[in-house]
Amino acid sequence: MNVSSLPTRLASTVLALGLLGGAAAQEPKTKTVPGFDGVIARKYEDSKESWPKQSRPPEDAPNVLLILLDDTGYGHIGCFGGLTETPNMDRLAGNGLIYNNFHTTALCSPSRASILAGRNHHSIGMGSHAMTAMGFPGYSGFVPLTAQEITRVVQDKGWTTYAIGKWDHTPLFQIQQVGPFTYWPTSDGFDHTYTFMAADANNFTPVMFAGHEPIEPARGNPDYHLSTDMADKAIHYLTGQKSVDPERPFFMFWAPGAMHAPHHAPQEYLDKYKGRFDMGWDKAREMIHQRQLEMGVIPPGTKLTERTKEIPAWDSLTADQRKMYARQMEAFAAQLDHVDMEIGRMIAALERIGELDNTLIMLTSDNGSSGEGGMSGTHNEMLLVNNLQTELEENLKKYDEWGLEETNNHFHAGWAMAGNTPFRYFKQVVHRGGIQDPLIVHWPDGIEGKGEVRDQYHHIIDIAPTILDVLGLEPMEEIDGIKQLPLDGTSMKYSFNDADAADQRTRQYYELFGNRAMYLDGWKAVTIHAGRMPWVIGGTFPFEDDVWELYHVAEDFSESNNLAEEHPEKLEELKQAWDEEAWKYNVYPLYDDVASRLSAVYARNAPIRDEYVFYPPGAVRIAEAASPPVKNKNHTLTAFAKIPEDGAEGVLVCSGGLYGGYTFHVKDNRLSYEYNAYNEDRYRITADAALPAGEVKLKAVFKAGENFTGMVTLFVNGEKVAEGEVGRTMPGTFSLSETFDVGDDTGTPVSKDYTRDTAEFSGTLDRVVISLK
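Residues numbered from 1 in each chain as written. Predicted model: local features only at pLDDT ≥ 70, side-chain atom pairs only at ≥ 80, totals over all residues. Heavy atoms only, no water.

**Some words on the overall build of the chain**
Rule in force here: A helix here means a DSSP run of H or I that spans at least four residues, while a strand means a run of E at least two residues long, and both kinds are numbered starting from the N terminus. The globule rule used for comparison is 2.2 Å times the number of residues to the exponent 0.38, while the radius of gyration itself is calculated over C-alpha atoms. To sort residues, take the accessible area from a 1.4 Å probe on protein chains only and compare it with the maximum for the residue type: under 20% means buried, over 50% means exposed, and anything in between is partly exposed. For accessible areas, the Shrake-Rupley method is used with a probe of radius 1.4 Å. Any residue's cover is judged against the shown protein chains and nothing else. Positive charges come from Lys and Arg alone, negative charges from Asp and Glu alone, with His and the N- and C-terminal ends not counted. Here the site of a charge means NZ on Lys, CZ on Arg, CG on Asp, or CD on Glu.
Assigned secondary structure in the chain consists of 15 helices and 31 strands. Here the chain has a C-alpha radius of gyration of 30 Å; the compact-globule value for 773 residues is 28 Å, and the two agree. The 773 residues of the chain split such that 59% are buried. Counting only carbon and sulfur atoms, one obtains 49% of the accessible surface of the chain, whose full area is about 30100 Å². Between the centroid of the 69 positive side chains of the chain and the centroid of its 109 negative side chains there is a distance of 5 Å.

**Observations regarding the side chain of S111**
Note the following rule: Throughout this description, a polar contact denotes any pair of N or O atoms lying within 3.5 Å of each other; where both atoms belong to protein, one of them has to be capable of donating a hydrogen while the other can accept it, and for residues adjacent in sequence the pair is counted only when both atoms sit in side chains. The contact criterion used throughout is that any non-hydrogen atoms of two residues lie within 4.5 Å.
Summarising the element assignment, S111 is placed in helix α3 (residues 108–117). Among the polar contacts made by the side chain of S111, one reaches the main-chain carbonyl oxygen of L107 at a distance of 3.0 Å. Discounting residues that sit within four places of it in the chain, S111 has contacts with T104, T105, A106, D366 and I460.

**So, the pattern of salt bridges**
Rule in force here: We define a salt bridge as a contact between a side-chain nitrogen of Lys or Arg and a carboxyl oxygen of Asp or Glu at a distance within 4 Å.
Tallying each qualifying case throughout the model produces 44 salt bridges. One network of salt bridges, with partners in common, ties together D70, R112, K166 and D366.

**Thoughts on the nonpolar core**
Where a protein is soluble and globular, its nonpolar side chains tend to be buried together. To be explicit about the condition: Put simply, buried Ala, Val, Leu, Ile, Met, Phe, Trp, Tyr and Cys residues joined by side-chain atoms within 4.5 Å make one nonpolar core.
W254 and W415 are the most contacted members of the largest nonpolar core, which totals 79 residues. Ranked by the residues each element gives to this core, the list is headed by helix α8 (residues 319–352), at 15 residues. Beyond its immediate stretch of four places on either side in the chain, W415 contacts H76, F277, G280, W281, A284, W314, Y325, A326 and M329. Counting 45 residues, the second largest nonpolar core, distinct from the first, contains L637, L671, I685 and M730.

**Side note on the sheet that holds strand β16 (residues 507–512)**
This is how the line gets drawn: Note on pairing: DSSP must find at least two bridges between two strands before they are called paired. As a rule, the C-alpha atoms of each element are fitted with a line to give its axis, helices using only the stretch in contact, and angles between N-to-C directions run from 0 to 180 degrees.
Spatially, the 4 strands line up as an open sheet ordered β16-β17-β18-β19, and their pairing is antiparallel. This sheet does not close on itself; its edge strands, each paired only once, are β16 and β19 (549–551). Shown here is a sheet whose adjacent strand axes are inclined to one another by a mean of 10 degrees, direction ignored. Of the pairings in the sheet, the one linking strand β18 (residues 523–527) to β19 comprises 3 bridges and is antiparallel in character. Bridge pairing links K524 to Y551 in β19. Its contacts with the sheet place helix α14 (residues 568–584) against β16, β17 (515–520), β18 and β19, and it is angled at close to 105 degrees to β17.

**Points about unusual backbone geometry**
Between G179 and the following residue, P180, the backbone shows a cis peptide bond with an omega angle of 5 degrees. Tracing the sequence through the fold places P180 in the loop between β5 (160–166) and β6 (192–196). P589 follows Y588 through a cis peptide bond whose omega is 0 degrees. Its place among the elements puts P589 in the loop between α14 and α15 (594–605).

**Looking at helix α7 (residues 280–295)**
Selection criterion: Multiplying 1.5 Å by the helix residue count minus one yields the expected span of that helix.
End to end, α7 covers 22 Å across 16 residues, agreeing with the expected 22 Å (1.5 Å per residue, within 8%). Those residues of α7 lying buried are G280, W281, D282, A284, R285, I288, H289 and Q292. Contacts made by the buried residues of α7 are with α8 and α11 (413–419). At the exit of α7 stands G296, carrying a positive phi of roughly 80 degrees.

**Overview of the confidence of the model for the chain**
Operational definition: pLDDT: the predictor's confidence for each residue, scored from 0 to 100.
Per-residue pLDDT for the chain averages 95, and the proportion of residues at 70 or more is 96%. Residue range residues 1–6 is modelled with pLDDT below 50. Its contacts to residues more than four positions away, or to other chains, number 7 contacts. Across residues 8–25, confidence stays below pLDDT 50; counting only partners more than four residues off in sequence or on other chains, it has 13 contacts.

**Examining the packing of helix α5 (residues 226–244) against α8**
Spelled out, the test is: Should an angle fall under 35 degrees it is called roughly parallel, over 145 degrees roughly antiparallel, and 65 to 115 degrees roughly perpendicular, with every other angle called oblique. For this classification, the nonpolar set comprises Ala, Val, Leu, Ile, Met, Phe, Trp, Tyr, Cys and Pro, the charged set comprises Asp, Glu, Lys and Arg, and every other residue, Gly included, is treated as polar.
Across the interface, α5 lies against α8 with an axial gap of 9 Å and an inter-helix angle of 10 degrees. Comparing the axis directions of α5 and α8 gives the class roughly parallel. Across from S227, T228, A231, D232, A234, I235, L238 and T239 in α5, the residues of α8 making contact are H338, V339, E342, R345, M346, A349, L350 and R352. Tallied by class, the residues present in the contact of α5 with α8 amount to 8 nonpolar, 4 polar and 4 charged.

**Structural notes on a negative patch on the surface**
As a reminder of what qualifies: Each patch is built from residues lacking any salt bridge and having more than 30% relative accessible area; the joining distance is 9 Å for like charges and 5 Å for nonpolar side chains (Val, Leu, Ile, Met, Phe, Trp, Tyr).
Judged by side-chain charge, E59, D60, E247, D357 and D445 come together as a negatively charged surface patch. Turning to its location among the elements, D60 is positioned in the loop between β2 (40–41) and β3 (63–69). The class for D60 is exposed, based on a relative accessible area of 59%.

**Here's the deal with the pairing of strand β4 (residues 97–103)**
Each regular strand carries side chains that alternate between the two faces of the sheet. Here β4 lies mainly inside the structure; 7 of its 7 residues are buried. For β4 and strand β12 (residues 452–454), the ladder comprises 3 bridges, and the chain directions are parallel. The residue bridging Y99 from the neighbouring strand is R454, located in β12. Relative to strand β13 (residues 458–459), β4 is paired through 2 bridges, and the arrangement is parallel. Its bridge partner being in β13, H103 is matched across the sheet by H459.

**What to know about the packing of helix α2 (residues 87–94) against α8**
Across the interface, α2 lies against α8 with an axial gap of 7 Å and an inter-helix angle of 50 degrees. On the basis of the axis angle, α2 is oblique to α8. Packed against α2, whose contacting residues are P87, N88, M89, R91 and L92, the element α8 presents L336, D340, M341, I343, G344, I347 and E351 at the interface. In terms of residue class, the contact of α2 with α8 is built from 7 nonpolar, 2 polar and 3 charged.

**Side note on the side chain of S114**
Looking at where S114 falls in the secondary structure, it is placed in helix α3. For S114, the contacting residues outside a window of four places in its chain are T105, R119, N120, H121, I124, I460 and I461.

Structure (C-alpha cells):
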C-alpha cells in the first residue's frame, strides 16, 4: 500500500499504529499477564508460548486401592482364622502384610469419615453416627471444611479419583436432588462417584447415585447383585484409565455393602454353606482361635475370652433355634465369600493391565462384627431399627428365603461374637471386639515381605497419612482458601519393611455412645457405659457409675485378664489420660440417650410444614428423612389426577419399600392404600368401584390410633369409597435406604400389588398435596 495515496489524517494514523512497519512498529512492546511465563508481543514471531501448568504425578507414581468392608470382624477373613473361604483376600495377605493390631472407631460413619480425613472422629464432627448428631463441635454430623479428605490433595496432584459403594456420613436430609452437595463425595475430591448414600443397601435392588443423579442399575436385570455391579464399575474405570492415559495413576475407594446387614448372596453361594455352621458359635470360636494361633495372627499364648454373658451357650438352645441361627451364619458366610470373589476380579483386572505390583492395596473394615441383630437375629433389620426384637417363629417363616431379597436379614449376636474371635463384644463397644479389625496391605513394588505379620499398634486415622507418605505427598495447608487442621494420624510406612520397628502410635482414646477407652503404652482402660449392649436403644444413665476395666494388652492380646483391682493407680492414670484427650479432641459433652438424639436431629432438620406440595415427575428419590413426617400422625394425602378412558394403574405417592412403608396407588383402576409393616403385616384398603374417567381428586385420610395403629378412609371427588384399619405401624423408620416418591415407586415396591415396571402412574398426575393439619 502506498501511504501517499491515503488521506492525510488516515495516513498519519496508519504510521502511528505501525500497521505498515514504520518507525513506531519497531518499538519493542510486550504484555505481562500474571501466571503466564511466555512473551506476548505484537507479532507471533516475537512472542513465546507458555502453557498453563497441569499437575502430573511423578513417573511410575503408585496407584491406591482402598477397600473398606463393613461390619467384618477380626476373625471372619480366612487369613485371620475365619471359617469362610476368602481366597482372594488371603492371596493379598500372602503376598503382602497382615496388621494384627489395627483399630477403628467401632462404628461406620465415624470410621468412614476418619479413614479419608486422617483425623479423630470427634475432631471432625463425627463423634457418632451422622443421624445422632448434636450441636457441638465433636458431634455436628458435618465434616468441617477445615478437615478436608486427603483425596482433595491426591486429586490436586494429578491422580484420578474414584469413590464406589457406601458413603453414609452425608446427612440424610441432604440426600435429595437439590442438595446442598457440600458433603457428598463429589465435593470431597472424587472425580467419579458411584455410591449408595445410606447405612446399608438392598444388595439385589440398591438405590444408587452416579454423581448426583439417582439411578436404578438393577432394573431389568434379574441376576443383579451390588457387589458384582461395584466390581464391574471398578474394572470399567481401571481399564478405561489404562487405555486412555496409561501413565496417570489412580486412587480408588471401594466400599461394598458387605458385610453390613442385609446379608444377601446369590443362591449358589447360600447353597455352598448349608450345614457348615451347625456346630454353633461356641465351637466356631474355638476353631477360629486355634487357626489364629497356628497362623500366627495372634501372639502365642493368647487366651480365648469367655463367652459374653448375654450370649447363651449353643448347647442350651432348642433345635429350632439352632436351625435358624445356623442359617443366619450361612447367609453371612455366603455374602463374604461372594464379595471376596468380586475383589478377586478386581485384582485380576489390575494384573491384566500391569498395575497390580504398583498399586498400594489396603483392605480393612470400619468396625467389628455387629451384634445389633440381638438375641434372635431378624428377617428384617427395620425391626431392630425400630427397637423391636424378632420372634423366632417370625424368622422361621423366612427360613427358606433367608439371604435372598425377601429378607432384610441380620444374624444373632452370638455369631458376631464368634466373628470377633478371640475378643469379646461387638461393634459400638470399644473393647477389642468392637474396635480391632483385620488390615491387609499389599504393594509388591514397595513391600519386601510376603505373608508377614506386623504387630505395631495403629488406628484407622493412620490410613490417610500412610497413603500420602507412599505417594510422596504432603497435606495441604489450605484448601479453597480455608486453613486445614493438622492430621491426627501417623504414617505406617515405617513398618512396611521393618517388622521390629518401634510403635509410632503409643496413645489413642476411644469413645462411642458413652463407651470409653484409653490406650497408653501397652495398657488399656475401658468401660461399657451402663453395661449396655448394642441391641439396646434409648435411655440415659449416670456416667460416674460406669465400671472401668484395665488390661495390659501388650501381654494380654485378647483382653482376657482384668487388672483393675490389682493396679488401681494405673487405671486412674489412664482415666486421667482419657479425660485429657477428651478435652483435646472435642469428645465432651457426653450424652447417651441415642433415641432422643435421633429425635432431636429429625426435629431440627426434617421439613416441618402444615402442607407439602409435590409435582411429578421430579419428586422422586427423596430421602425418607427429608420427606413429610407423617408417621403415626393424622394426615391427608391428596392427588390431583386425570384418569384415561381405559382406566389407570400405578403409584400416586409412597414412602419406603419391600421392608416397610406406605403406598397410595391405583390397582385395576380402583383407588387403594396399603401399609406394609416390616414385610410381616400388610393392611390394604381398596375401593370397590372403578375410578371415573377425567379429572379426579383422590384422597386418603389417615387417623392415628392408640398403640401405633390407624384408620384410613379413601375418597374420590369428595365421596367416601373405602375405609379400613391399619393394625400395626412403624414408629420410627421405614428403611435405611429406600425413598419417598410421587407418581412412581423407585427401588423395591412397597406393595406386592404392583412391580417396579408397573409402579409408574399411567394416568396424568398433576400434583400431590400432603397435609398435616
